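Topology and contacts: notes
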Amino acid sequence: MTRLAQWMDRAIEGLWLAALVYTPLFFNVYSSRVFEPDKVALLRAIVALAAVCWAIKTLEHRRVPQDAITQPDAEVDSAGVKDDPASYQNGQGKVGAWWRAPLVLPLLLYAGWYLVSSLTSVDVYISIFGSYQRQEGFLTQLAYIVLGLIILFNLRTRAQVERIITFCVATAAPAALYGLMQHQGWDPLPWAGDVTTRVAGPAGNATAFGNWLVMVAPLILYRIVTVATWLRDPANRAELDDYDGPRIAIYTISIAAQSFVLWLALALIASNQRPDFGLWFILPTGILIFYALTFLYANARMTHALATTALVALILLFALVVAIIFYTQSRGPLVALVVEMMVFALAALWLQRSRVGLSLAGVACAAALLFLVVFNLPSSPLASLREMPYVGRLGVLTQFDIGSGKVLASVWQGTANMLISDTTRLAIGYGPETTYLTYNPYYPAGLQNIELRNATPDMSHDWILDQLAWGGIIMLGLLILLIFAFYSFTWQQAKRDEWLPKQLLLVALGVGISGYLVTLLVSHFTVATYTYFFAYLGLAVAVGYFGAMRASPPLATKSADESPAVESRSTWIGRRTRRSWSSVASYDEH
């Protein structure tokens with residue numbers, strides 16, 4: 001790889017990490033819309049820069065003869081094993097044509113039909129460039145898909161995989177803390193709406209905030225399990241005597257500084273009684289400092305003391321994320337969280353062939369489902385629990401005759417009437433971002449009694465209806481094809497691989513998307529959630545097909561007389577072939 005290609009490769013990674021950090025955290029109080037359009041503009045800029053870097057890297061590879069290209073970029077983990085992207089192969093040999101990679105064709109077909117539906121839209125300009133409300137037109141959709149393809153084709157090392165996970169998990173911390181501040185009434189910003197009863201975080205909407213947290217929660221679970229199992233592996237007992245106090249102190253100070261910088265940015269914005277548009281850069285700069293400081297611990301070499309500290313911090317973070325999801329009081333994220341934890345446990349135990357663990361988890365999941373069913377019966381014996389704060393929302397999952405449930409049912413009714421009124425548009429859709437233009441003739445008569453008459457829905461708050469309204473049956477079919485291809489690929493790769501961290505990561509990505517799809521049944525996508533959706537698709541292919549996460553020998557060298565009994569205890573569930581956990585989070589920067 002030439003020097004220029006190396007720099008472009010590093011720039012590409014830095015930009016996709018920036019997209020994963022900025023889209024959830026950034027908002028602009030000095031603009032008219034504050035949240036979604038501003039996030040869209042920033043994402044488009046980041047992806048455009050990444051695409052330019054990718055093009056330069058590709059041209060550089062073609063310009064220089066292959067025999068003249070050196071490969072100095074092999075990353076060396078703490079076990080002394082080179083993690084060389086040039087040597088990667090998929091499970092069936094060297095990677096062939098680029099279009100043969102999993103999910104590439106479904107992604108391109110979906111993008112292609114998005115363009116066709118935009119060109120045949122009732123308003124071509126809005127469908128391509130996006131509406132004033134959200135700007136979720138073809139250009140924005142293209143940015144999501146290109147981001148996924150950039151990750152898919154450029155992520156090649158385990159260090160990069162772990163950095164993505166670390167940045168996603170780290171981003172959840174300040175977002176959840178901000179939600180806690182809102183719940184406690186400590187938010188320095190004077191929002192017009194009530195963000196104490198239902199926290200909205202940096203998403204500006206309680207449901208959108210919960211949807212994004214639901215996507216990050218499985219990655220936190222993955223990191224908790226991997227770090228906990230690393231600590232239990234006898235191969236890592238050599239690290240028990242490592243004194244790591246200074247490094248832990250540096251990492252702790254870095255994390256505290258990250259939180260302080262973001263809080264200071266909010267406080268500075270809130271301190272001005274009159275809006276000063278010249279201060280627009282304060283929050284982006286604070287997020288940039290947060291982003292830069294994350295690199296300090298993104299490649300930490302694992303030791304016993306550091307792993308113990310990280311495990312405690314991760315458990316606390318997961319508990320905080322769960323609490324904030326409850327504080328959003330949104331039914332979709334609450335149900336998705338329950339589904340995620342059940343599916344993650346069942347899939348992990350099934351992959352490990354642990355009959356006892358799988359049986360116990362199955363009983364627990366069945367009990368949880370039975371509780372939800374009984375809790376939602378019209379004459380449920382548990383009806384009194386519906387008055388409980390937060391938990392009570394789980395008892396109104398099927399309630400669509402009052403409150404927000406009635407609003408959703410009315411909006412769905414209008415969208416369904418709009419779709420069946422024109423068979424041609426049912427097939428090809430009315431065009432992306434045009435619902436607010438085409439919905440009014442089908443506005444349900446009773447909706448104005450619970451919503452403002454001028455509050456025309458711009459989305460159906462259901463991903464199936466939204467896909468039908470925007471791109472018709474063809475767009476919905478292509479999206480379902482993409483989702484089905486993703487699940488089929490990740491599950492086959494998870495079953496075929498024998499290394500547990502890789503299996504759990506693929507399961508976590510699948511669970512994250514599953515939870516997100518559950519939330520979209522009663523809500524709509526946002527910039528942050530769609531960014532993570534396509535990033536997860538690209539990450540899954542990079543890990544499962546291109547081999548971006550491979551096992552390496554244990555950190556500690558085993559003696560020749562180590563007994564099989566010790567080896568069998570190193571697995572976390574049941575008796576299986578030993579996995580190496582030594583370098584789950586142990587990497588040196590290249």
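Attention now goes to the confidence of the model for the protein. Confidence in the prediction of the protein, expressed as mean pLDDT, is 82, and 84% of residues score 70 or more. The model gives residues 67-82 a pLDDT under 50, and that stretch makes 45 contacts with residues more than four places away or in other chains. Scored below 50 in pLDDT, residues 551-590 makes 106 contacts in the model with residues more than four places away or belonging to other chains.

Throughout the structure, instances matching the rule amount to 26 aromatic pairs. What links up through ring pairs into an aromatic cluster is the set Tyr-144, Trp-470, Tyr-516, Phe-525, Tyr-530, Phe-533 and Phe-534. The cationic tip of Arg-10 hangs over the ring face of Trp-7; the distance from NZ or CZ to the ring centre is 5.6 Å. Sitting over the ring of Phe-546, Arg-156 keeps its end group 3.8 Å from the ring centre.

Quick look at unusual backbone geometry now. A positive phi angle, close to 75°, is found at Leu-103, a residue other than glycine. Within the secondary structure, Leu-103 is located in the loop between strand S2 (82-83) and helix H3 (104-119). Phi is positive for His-461, which is not a glycine, with a value near 60°. Within the secondary structure, His-461 is located in the loop between helix H15 (435-438) and helix H16 (463-496).

Under the criterion given, the structure shown has 4 salt bridges. Among the ionic pairs, Lys-57 bridges to Asp-9, the shortest N-O distance being 2.7 Å. Taken as a pair, Lys-57 in helix H2 (residues 36-63) and Asp-9 in helix H1 (residues 3-25) lie far apart in primary sequence, 48 residues in all. The same class applies to Lys-57 as to Asp-9, namely buried.

We now examine the environment of Arg-198. Positionally, Arg-198 belongs in the loop between helix H6 (158-184) and helix H7 (206-232). For Arg-198, a relative accessible area of 32% corresponds to the partly exposed category. Spatially, the C-alpha atoms of Arg-198 and Tyr-327 are 5.8 Å apart, while their sequence positions differ by 129 residues. With near-sequence residues (within four places) excluded, Arg-198 lies in contact with Ala-206, Thr-207, Tyr-327, Thr-328, Gln-329 and Ser-330. There is a polar contact of 2.8 Å between the side chain of Arg-198 and the backbone oxygen of Thr-328.

For the rest of this paragraph, the subject is helix H10 (residues 304-328). For H10, with 25 residues, the first-to-last C-alpha span of 36 Å sits near the 36 Å given by 1.5 Å per residue. Phi for Gln-329, located one or two positions after H10, is positive at around 55°.

Cut-off values and rules
- Position labels on residues start from 1 in each chain and follow its written sequence.
- Residues qualify for local features only when their pLDDT is at least 70, as the model is predicted, and side-chain atom pairs are given and counted only at 80 or more; totals for whole chains, interfaces and linings, by contrast, use all residues.
- Only hydrogens and water are set aside; all other atoms, that is, all heavy atoms of the structure, feed into the side-chain values.
- Values of pLDDT, ranging from 0 to 100, describe the predictor's confidence in every residue of the model.
- Only heavy atoms matter for contacts: two residues are in contact if any of them lie within 4.5 Å across the pair.
- The criterion for an aromatic pair is that two Phe, Tyr or Trp rings (for Trp, the six-membered ring) have centres within 6.5 Å, with stacked assigned to planes under 30 degrees apart, edge-to-face to planes over 60 apart and tilted to the rest.
- Ring-over charges, as used throughout, are those where CZ of Arg or NZ of Lys falls within 6 Å of the ring centre and within 35 degrees of the ring normal.
- Helix and strand assignments follow DSSP, with helices taken as H or I runs no shorter than four residues and strands as E runs no shorter than two, numbered in order from the N terminus.
- By definition here, a salt bridge exists when the distance from a side-chain nitrogen of Lys or Arg to a carboxyl oxygen of Asp or Glu is within 4 Å.
- For every residue, the accessible area (1.4 Å probe, protein chains only) is compared with the maximum for its type, and the residue is labelled buried under 20%, exposed over 50%, or partly exposed between those bounds.
- Any N or O atom pair separated by 3.5 Å or less is treated as a polar contact, with the protein-specific requirement of one donor-capable and one acceptor-capable atom, and with residues adjacent in sequence counted only for side-chain atom pairs.
- Take the number of residues in a helix, subtract one, and multiply by 1.5 Å to get its expected span.

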